[in-house]
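Summary of structural features
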Amino acid sequence: MEYLYRTITMPNDYEGKVIVTVIKAKDQIVSTKAVLYIHGYLDYFFQNHVAQYFVERGFHFYAVELRKYGHSYLKHQHFNYCRDMKEYYPDISKCIEEIINDGNKEIILLGHSTGGLLASLYASEGYLKDKISKVILNSPFLKFNTSLFKRTIMIPLAGLASKLYPYAKKRNEISPFYGESIYIGLRGEWDFDTSLKPLGNSPLYFAWLQAIAKAHRKIQKGLNIDVPVLVLSSDHSLHPKRWTDEIKRSDIVLNVKHIRKLSPDLGPCATYISIKNGIHDLFLSEKKVRENALEAISEWLQKQDICSEQTSSE
């Protein structure tokens, strides 16, 4: 699959110049349906097989690389940094405008992890939320996978510290086994640019923690997304202390019980499905597992189409 990359200059923020990268899969299909993929934290778009899947089913495929991520990162910026998730709303709006200008009328937001959290927030309160027809979430980051003490004491304290020291940071706590399990140079099957998707040693900014905590409070209060939402996650989580092959069949980043419990709070039309033996990014799971995840999406989309046809005929 080949892609068109478009760099769009956005209004300056507190760090200066800002750009966002809009990526479009080249295709020959005639359709007014499109998918917009939103990557996760410490991530960028490289999931070519996901784009191929949607194009083969008649969807134009777009991906965004948000400000300070991937190809949108500029040297004067702090990598993957934000102070509020709303900073990304204009990036999503700009992508939706591009998709509409290309002649598309049905737009599905597809978000992974932190991108799933962002997709949820935008579908609830974003400027162009009325242009979104469906939302699909791949292991959305709806709650911190940490102890009650850290969630209620340490993270709020870090948020307070970020008010005085905006770039205060600590060592990132994401398990190093996750990158090891997916990267082709280690134990995985996926080839990606480790300067854009680091395997380790990335700082965890307190301001980012505060932004996520604020977003999580919105989730817990309920978002009331008024379009169909599909939430997918692994069927179990794991907290490994050493390497085990079970890492390649578990979510070792988030607690899937949190995702399952909070999914109904996203809106009245939210559906949750667990994928047996999935990893955190379900689309990077072992071949049969990722095929099951994509098939679950196909079946859900078909049900939504049937429901829409029945509603329109009444």
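What counts and what doesn't
Residues numbered from 1 in each chain as written. Predicted model: local features only at pLDDT ≥ 70, side-chain atom pairs only at ≥ 80, totals over all residues. Heavy atoms only, no water. Helix = DSSP H or I, 4+ residues; strand = E, 2+ residues; numbered from the N terminus. Buried < 20%, exposed > 50% of the residue type's maximum accessible area, 1.4 Å probe, protein only. Contact = heavy atoms within 4.5 Å. Areas by Shrake-Rupley, 256 points an atom, 1.4 Å probe, with all protein chains shown as cover. Lys, Arg positive; Asp, Glu negative; His and termini not counted. Charge placed at Lys NZ, Arg CZ, Asp CG, Glu CD. Axes fitted to C-alpha atoms, helices over the stretch in contact; angles between N-to-C directions. Parallel < 35°, antiparallel > 145°, perpendicular 65-115°, else oblique. Nonpolar A, V, L, I, M, F, W, Y, C, P; charged D, E, K, R; others polar. Pairing = 2+ DSSP bridges. Core = buried A, V, L, I, M, F, W, Y, C linked by side-chain atoms within 4.5 Å. Expected span 1.5 Å × (residues − 1). Bend = angle between axes of the 7 residues up to and from the residue. 1 Å grid on protein atoms, 1.4 Å probe; cavity = no way out; pocket = protein on both sides within 12 Å on 5 of 7 lines; lining within 4 Å. Points joined across faces, edges and corners; volume = space filled by probe spheres on them.

**Notes on the overall build of the chain**
- Helices and strands together make up the secondary structure of the chain, namely eight helices and 10 strands.
- Projected onto its principal axes, the C-alpha positions of the chain cover 55 × 45 × 40 Å.
- Across the 314 residues that make up the chain, the buried fraction comes to 56%.
- Taking contacts inside the chain between residues at least 6 apart in sequence as the whole, the part at least 24 apart equals 76%.
- For the chain, the accessible area works out to roughly 14,400 Å², and carbon and sulfur atoms hold 51% of it.
- Where the 41 positive side-chain charges of the chain centre and where its 35 negative ones centre are 7 Å apart.

**What to know about the packing of helix 2 (residues 89–101) against helix 3 (residues 114–125)**
- At a minimum axis separation of 11 Å, helix 2 and helix 3 run at an interaxial angle of 75°. In terms of their interaxial angle, helix 2 and helix 3 are classed as roughly perpendicular. Contacts between helix 2 and helix 3 involve Tyr89, Ile92, Ser93 and Ile96 on the former and, on the latter, Leu118, Leu121, Tyr122 and Glu125.
- A class-by-class count of the residues in the contact of helix 2 with helix 3 yields six nonpolar, one polar and one charged.

**A closer look at the pairing of strand 3 (residues 33–38)**
- Counting buried residues in strand 3 gives five out of six residues, a clear majority hidden from the surface.
- Alignment of strand 3 against strand 5 (residues 106–112), held across six bridges, turns out to be parallel. Note that in strand 5 the partner of lysine 33 across the bridge is glutamate 106.
- Where strand 3 and strand 4 (residues 60–65) come together, five bridges link them in parallel fashion. Within the sheet, the bridge partner assigned to leucine 36 lies in strand 4 and is tyrosine 62.

**Regarding the nonpolar core**
- Counting residues in each nonpolar core, the largest one holds 61 residues, and the members touching the most others are Leu36, Met85, Ile92 and Trp208.
- Among the elements that take part in this core, helix 6 (residues 206–221) stands out by supplying nine residues, more than any other.
- Setting aside chain neighbours within four positions, we find isoleucine 92 in contact with Leu36, Ile38, Val64, Leu66, Leu118 and Tyr122.
- Of all hydrophobic cores here, the second largest spans 29 residues; its members include Tyr3, Tyr37, Val50 and Ala296.

**Focus: helix 4 (residues 148–164)**
- Over its 17 residues, helix 4 extends 25 Å from the first C-alpha to the last, a length consistent with the 24 Å expected when each residue adds 1.5 Å.
- Helix geometry: helix 4 is bent most strongly at methionine 154, by close to 30°, with proline proline 156 lying one to four residues after it.
- Along helix 4, the residues classified as buried are Ile155, Ala158, Gly159 and Ser162.
- Looking at the packing, one finds that the buried side of helix 4 touches helix 6.

**Considerations on the pairing of strand 1 (residues 3–13)**
- Bridge analysis of strand 1 against strand 2 (residues 16–25) gives nine bridges, and the strand direction is antiparallel. Following the sheet pairing, isoleucine 8 is matched in strand 2 by valine 20.
- Turn length for the strand 1-strand 2 hairpin, with the two strands adjacent in sequence and antiparallel, is two residues.

**Considerations on unusual backbone geometry**
- We note that asparagine 80 has phi near 60°; this positive angle belongs to a residue other than glycine.
- Tracing the backbone through its elements, the reader meets asparagine 80 in the loop between strand 4 and helix 2.
- By relative accessible area, which is 1% here, asparagine 80 ends up buried.
- A positive phi is found at asparagine 277, a non-glycine position, where the angle reads about 65°.
- On the secondary structure map, asparagine 277 appears in the loop between strand 10 (270–275) and helix 8 (287–313).

**Overview of empty space enclosed by the protein**
- As enumerated under the stated definition, the model contains three cavities of 30 Å³ or more in all.
- Of the voids in this model, the largest cavity is the one considered here, and its volume is about 40 Å³.
- Around the largest cavity, the lining residues are Asp84, Met85, Lys86, Tyr89, Leu121, Glu125, Ala211, Lys214, Ala215 and Lys218.
- Those elements that place two or more of their residues in the lining of the largest cavity are helix 3 and helix 6.
- Per-element tally for the lining of the largest cavity: the top contributor is helix 6, with four residues.
- Of the residues belonging to the lining of the largest cavity, the class tally is five nonpolar, no polar and five charged.

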